[in-house]
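Take a look at the letters that make up each chain.
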Amino acid sequence: MKVLVTGGAGYIGSVTAERLLDAGHEVTVFDNLSRGHRAAVDPRARFIRGDLCRRADIEAAFDGVSFDAVLHFAAFALVGESMQKPELYFENNVGGGLNLLEAMRAHGVRRIIFSSTCATYGKPDRVPIDETLPQRPENPYGESKLMLETMLRWYERLHSFRPVSLRYFNACGATPRLGEDHDPETHLIPNILRVVLGQSEALPVFGNDYETPDGTCIRDYIHVADLANAHLLAMASDYVGAFNLGVGNGYSVLEVVKAARTVTGHPIPIRIEPRRPGDPPRLVASAERARTLLGWTPHRSDIHAVLEDAWAWHRAHPNGYAGVVPS
Ligand code: UDP
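As the structure is a computational prediction, the values presented were derived from the model and not from experiment.

Enquirer: Looking at this structure, how should I read the overall build of the chain?
Expert: Within the chain one finds 10 helices and 14 strands. Taken against the 2.2 N^0.38 rule, which gives 20 Å for 327 residues, the C-alpha radius of gyration of the chain at 19 Å falls within 12% of a compact globule. Judged by the C-alpha coordinates and their principal axes, the chain covers about 55 × 45 × 40 Å. Counted over contacts in the chain with a minimum sequence separation of 6, partners at least 24 positions apart contribute 77%. Approximately 13800 Å² of the chain is accessible, and the part contributed by carbon and sulfur atoms is 51%. Charge-centre separation for the chain: the mean point of 34 positive side chains lies 2 Å from the mean point of 39 negative side chains.

Okay, structure coming up:
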């Protein structure tokens, strides 16, 4: 298939582009490189540097290629930042998303696999979270993703789009070539590995007084390679609608630190800090729908395997993509 991957220089987008190319698909990566990395773009892909917020940029990407599907990753994705600068999230994620949908409509492309998030659920009434739970986002990031999901439902109804929204839980891990490199880094596993690499002295643990067994927050950590596979399955299927992507097991912050000590052999000192605003105590997926309808099974999401892959990448790229020459 001919596939347009927006945000294909970012973390999950680059890994999915790699998987698509391995599977023999023809990939165009569209990315403005504001947060992605040129070195993360697979050399087998056609690369267009462009910005979704500029309608002409995304229109031009459709010229001369008849895409079978669009995989839409390009977005801002930091909860904390979205609470400080909500306008960035509505402009880029919602406004940019609308430009993409309109370019697709103009060119008769109707299959879209959209990167959504468990942040659309807000603080869930129960866990595990299945797709029937109400979506009540508690930050502009989750709201912006829900707004695009809603737009997609209307485009399905009124413009014959065939959208799939994949609601990711906590993406993590790496492939040998591609890993997680954000600036600033706010995610748990890269921050743990920064301690191992000697780039920070101790891991800040944001709150140990939650109503969980050890007092720290519980998350569902899903390997980025397993997320990538879900996109290929969704693309090949005829389904429309939303799918949660997680393992169905939760780990607390302290449990992840303990597993990281085992994998790296480093003591990883911690420092207890106040709670981080907006962190729900427990987010765990029910991914039954993806398992049943898409035949999706996570293969690499055991927490030790995740940490081994992340550690291998960070050890080989202690400064992330800085200094990695694009091939
Ligand atoms: N966390 C932490 N220290 C860090 C980074 C994260 O204690 O340096 C905690 C965070 O408060 C949350 C969990 O680890 O409970 C996962 O955070 P992350 O930012 O990786 O993902 P999120 O669940 O916010 O999308």
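Enquirer: Would you mind going over the side chain of Thr 28 with me for this structure?
Expert: Topologically, Thr 28 is positioned in strand β2 (residues 26-31). A relative accessible area of 5% means that Thr 28 is categorised as buried. At 3.0 Å, the side chain of Thr 28 and the side chain of Arg 46 are in polar contact. For Thr 28, the residues in contact, after removing those within four places along its chain, are Val 3, Leu 4, Val 5, Arg 46, Ile 48 and Phe 67.

Enquirer: Would you mind going over the packing of helix α4 (residues 86-106) against helix α5 (residues 140-159) with me for this structure?
Expert: Their axes nearest at 9 Å, the elements α4 and α5 cross at an angle of 20 degrees. In terms of orientation, α4 lies roughly parallel with respect to α5. Once α4 is placed against α5, the crossing between them reads as right-handed. Between α4 and α5, the residues in contact are Pro 86, Tyr 89, Phe 90, Asn 93, Val 94, Gly 97, Leu 98, Leu 101, Glu 102 and Arg 105 and Pro 140, Tyr 141, Glu 143, Ser 144, Lys 145, Met 147, Leu 148, Met 151, Leu 152, Tyr 155 and His 159, respectively. Taken together, the residues of the contact of α4 with α5 sort by class into 13 nonpolar, 4 polar and 4 charged.

Enquirer: How do you make sense of the site of the ligand when you look at a structure like this?
Expert: Taken together, 15 residues are adjacent to the ligand, and Leu 188, Pro 204, Arg 219, Arg 276 and Asp 279 come closest. A distance of 3.0 Å separates an oxygen atom of the ligand from a polar atom in the backbone of Phe 206. In this structure, an oxygen atom belonging to the ligand sits 2.8 Å away from a side-chain N or O atom of Arg 276. Relative to its unbound accessible area of 520 Å², the ligand is 88% covered by the protein chains. Looking at the shell around the ligand, the elements with two or more residues in it are α6 (188-196) and β8 (203-206). At 4 residues, the largest contribution of residues to the shell around the ligand is made by β8. A class-by-class count of the residues in the shell around the ligand yields 8 nonpolar, 4 polar and 3 charged.

Enquirer: Sorry if this is basic, but what is going on with the environment of Asn 319 here?
Expert: In this structure, Asn 319 sits in the segment after α10 (303-316). Asn 319 sits in the exposed class, given a relative accessible area of 55%. The spacing of Asn 319 and Cys 172 is 147 residues in sequence and 17 Å in space, taken between C-alpha atoms. Discounting residues that sit within four places of it in the chain, Asn 319 has contacts with Asp 181 and Gln 199.

Enquirer: Looking at this structure, how should I read α6?
Expert: Owing to its 3.6 residues per turn, the α-helix aligns residues three or four sequence positions apart on the same side. In terms of burial, α6 is a largely internal element, 8 of the 9 residues being buried. When we look at burial in α6, the residues that qualify are Leu 188, Ile 189, Pro 190, Asn 191, Ile 192, Leu 193, Val 195 and Val 196. Check the buried side of α6 and you find it contacts β7 (170-172), β8, β10 (221-223), α8 (253-264) and α10. In the segment just after α6, Gly 198 is the residue with positive phi, at about 80 degrees.

Enquirer: When you look at the pairing of strand β1 (residues 2-6) in this model, what are you seeing that I'm missing?
Expert: Taken residue by residue, a regular strand's side chains alternate between the two faces of the sheet. Within β1, 4 of the 5 residues are buried, leaving the element largely enclosed by the surrounding structure. Tracing the backbone out of β1, into helix α1 (residues 11-22) and back to the parallel element β2 gives a crossover that is right-handed. Where β1 lies against strand β4 (residues 69-72), 4 bridges are found, and the strand directions are parallel. Residue Leu 4 lies in a different strand from β4, and its bridge partner there is Val 70.

Enquirer: What should I look at first to understand the sheet that holds strand β14 (residues 282-283) in this one?
Expert: The strands that make up a sheet are held in pairs by hydrogen bonds between backbone atoms, and each pair lies either parallel or antiparallel. Across the sheet, 3 strands lie side by side as β12-β9-β14; this open sheet has mixed pairing. A strand with exactly one partner marks an edge of an open sheet, and here the two such strands are β12 (251-252) and β14. As defined by bridge partners, strand β9 (residues 218-219) adjoins β14 across 2 bridges and the pair is classed as parallel. Bridge assignment links Ile 218 to a residue of β14, and that residue is Arg 282.

Enquirer: So what exactly am I meant to see when it comes to the pattern of salt bridges here?
Expert: For side chains bearing opposite charge, pairing can occur when the charged atoms are close. Summed over all chains, the structure comprises 20 salt bridges. Between Arg 55 and Glu 59 there is a salt bridge, and its shortest N-O distance comes to 3.5 Å. Here Arg 55 pairs with Glu 59, and both are found in helix α2 (residues 55-61), just 4 residues apart, close to one helical turn. A relative accessible area of 37% means that Arg 55 is categorised as partly exposed. Across the pair Arg 126 and Asp 130 runs a salt bridge whose closest N-O atoms are separated by 3.3 Å. If you follow the salt bridges from partner to partner, you end up with Glu 18, Asp 22, Asp 42, Arg 44 and Arg 177 in one network.

Cut-off values and rules
- Residues numbered from 1 in each chain as written.
- Predicted model: local features only at pLDDT ≥ 70, side-chain atom pairs only at ≥ 80, totals over all residues.
- Heavy atoms only, no water.
- Helix = DSSP H or I, 4+ residues; strand = E, 2+ residues; numbered from the N terminus.
- Rg over C-alpha atoms; globule rule 2.2 N^0.38 Å.
- Contact = heavy atoms within 4.5 Å.
- Areas by Shrake-Rupley, 256 points an atom, 1.4 Å probe, with all protein chains shown as cover.
- Lys, Arg positive; Asp, Glu negative; His and termini not counted.
- Charge placed at Lys NZ, Arg CZ, Asp CG, Glu CD.
- Buried < 20%, exposed > 50% of the residue type's maximum accessible area, 1.4 Å probe, protein only.
- Polar contact = N/O pair within 3.5 Å; in protein donor to acceptor, adjacent residues only side chain to side chain.
- Axes fitted to C-alpha atoms, helices over the stretch in contact; angles between N-to-C directions.
- Parallel < 35°, antiparallel > 145°, perpendicular 65-115°, else oblique.
- Left-handed = near helix turned anticlockwise from the far one by under 90°.
- Nonpolar A, V, L, I, M, F, W, Y, C, P; charged D, E, K, R; others polar.
- Near = heavy atom within 4 Å.
- Right-handed = clockwise from strand over helix to strand, strands pointing away.
- Pairing = 2+ DSSP bridges.
- Salt bridge = Lys/Arg side-chain N within 4 Å of Asp/Glu carboxyl O.

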